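In case you want the letters, here they are:
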Amino acid sequence: MLSRTASDLYWMSRYLERAENLARMLDVSYSLSLMPQDGREGLDEMAMPLLITGTLDDYLERHGKLHADRLLHFFALDASNPASIYSVLGAARASAHAVRGRITADMWENINSTWLEIRGIAEQGLSRYGMSRFCEWLKERSHLFRGATYGTLMRNDAFRFIRLGTFIERADNTLRLLDARYEMLGGAVDAVSDSSARGYYQWSALLRSLSSFEAYTEIYRDAPSAHNVAEMLLLRADVPRSLRACTEEIDQTLSQLPGVNGRPAQRLAAELDARLRYTGIGEILDEGLHEWLNESIPLMAQLGNEIHSSYLEAL
């Protein structure tokens, strides 16, 4: 496969996964901002997606002080913001168009119709369409694309590069979300107690943004706490959006790609997978959850760079 084709497939899936992740965090932040609290806390919650994606300074430069309506538009539908959901979907559609012959008709029709629909939503505006409705629509479109991919695409290198893009993006998102929520609660390992309604809703919001709340209640039965949430989202291989589940998929997918150029990426993926496989949550918390996460985020970025240099650059 040509490196350019592999790159378009990889980034197509990364952008689609990113759009879904952005919608998830925006939906949760919007819902939390509507809970009874002072106005400052509500705006701080709404600013969370901007902090996680590193776009807060861009927003402040263009719009000044935080304002809920302007913030929602900037993050969701602003075509001049390259990190908005609108722009990310546009980039995914452009990548899909470049590899139209390597994906199935069902996959292309899903991406193209999603792009056409979000353009209509942008013309209508979020205030008329509805914030929660928009986020649910985007998650549904992402699920449909994933189903079309699994149900119609051959298990070849195209499928594998799509998988790589999805799980690299998902792993990075899980790390950043966990770190942001942990820091918002002041970095306390036992940030939740029976008397801490704020802590309960913060950890519950994180779990819901990763579609893991039901899994948590099945595994732990207790109120969400930093210890249990971190253990589940970092080390549980049976939780689909956990870091461990993502690194296992990346490691297995890289091992299936032919050639020797990918050995640096394969080696790093195996090291990251082993790091999680043989680490306990007690060791992570002893080091400091924030410190451990801040070590892991650059490692995931390094793995993405290794994949890029091994497979996606023209040799």
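As shown above, the structure is provided for reference.
**Some remarks on the layout of surface pockets**
Next, step 1: What the largest pocket holds in volume is close to 390 Å³.
Next, step 2: Together, 20 residues line the largest pocket, and Arg14, Arg18, Glu169, Asp172 and Arg176 are the ones closest to its centre.
Next, step 3: Contributing elements (two or more residues each) for the lining of the largest pocket: α1 (3-33), α2 (39-53), α9 (157-184) and α16 (289-312).
Next, step 4: Partitioning the lining of the largest pocket into residue classes produces nine nonpolar, six polar and five charged.

**Side note on the packing of aromatic side chains**
Next, step 1: According to the stated counting rule, one finds eight aromatic pairs in the structure shown.
Next, step 2: Seen from their ring centres, Trp11 and Tyr15 are 5.5 Å apart, and the 40 degrees between their planes marks the pair as tilted. Of this pair, Trp11 and Tyr15 both sit in helix α1, separated by four residues, roughly a single helical turn.
Next, step 3: Residue classification places Trp11 among the partly exposed positions, given a relative accessible area of 24%.
Next, step 4: Measuring from centroid to centroid gives 5.5 Å for Tyr59 and Phe74, while their planes differ by 75 degrees, and the two rings are edge-to-face.

**Regarding the environment of Glu169**
Next, step 1: Looking at the element boundaries, Glu169 is found in helix α9.
Next, step 2: The class of Glu169 is buried, set by a relative accessible area of 6%.
Next, step 3: In the structure, Glu169 is positioned 105 residues away from Ala274 in sequence and 20 Å away in space, judged by C-alpha atoms.
Next, step 4: In this structure Glu169 touches Arg14, Glu17, Arg18 and Asn21, once residues within four positions along its chain are discounted.
Next, step 5: Within the structure, the side chain of Glu169 is placed 2.8 Å from the side chain of Arg14, a separation counted as a polar contact.
Next, step 6: Here Arg18 takes part through its side chain, which lies 2.9 Å from a polar atom of the side chain of Glu169.

**Topic: helix α12 (residues 226-235)**
Three or four residues apart is the spacing at which side chains of an α-helix point the same way, because the helix has 3.6 residues per turn.
Next, step 1: Of all 10 residues in α12, eight are buried; the element is thus mostly enclosed.
Next, step 2: Ala226, Asn228, Val229, Ala230, Met232, Leu233, Leu234 and Leu235 are the residues of α12 that are buried.

**Regarding the side chain of Thr253**
Next, step 1: Position of Thr253 among the secondary structure elements: in helix α13 (residues 243-255).
Next, step 2: What makes Thr253 buried here is its relative accessible area of 5%.
Next, step 3: Here the side chain of Thr253 touches Glu249 through a polar contact of 2.7 Å, landing on its backbone oxygen.
Next, step 4: Dropping the residues within four chain positions of it, Thr253 is found in contact with Arg160, Arg163 and Leu164.

**Examining the environment of Leu185**
Next, step 1: One can find Leu185 in the loop between α9 and α10 (197-209).
Next, step 2: Taking the C-alpha atoms as reference points, Leu185 and Ser242, 57 residues apart in sequence, are found 21 Å from one another.

Rules used throughout
Residues numbered from 1 in each chain as written. Predicted model: local features only at pLDDT ≥ 70, side-chain atom pairs only at ≥ 80, totals over all residues. Heavy atoms only, no water. 1 Å grid on protein atoms, 1.4 Å probe; cavity = no way out; pocket = protein on both sides within 12 Å on 5 of 7 lines; lining within 4 Å. Points joined across faces, edges and corners; volume = space filled by probe spheres on them. Helix = DSSP H or I, 4+ residues; strand = E, 2+ residues; numbered from the N terminus. Nonpolar A, V, L, I, M, F, W, Y, C, P; charged D, E, K, R; others polar. Phe/Tyr/Trp six-rings, centres within 6.5 Å; stacked < 30°, edge-to-face > 60°. Buried < 20%, exposed > 50% of the residue type's maximum accessible area, 1.4 Å probe, protein only. Contact = heavy atoms within 4.5 Å. Polar contact = N/O pair within 3.5 Å; in protein donor to acceptor, adjacent residues only side chain to side chain.

The values are spatial; any link to function lies outside them.
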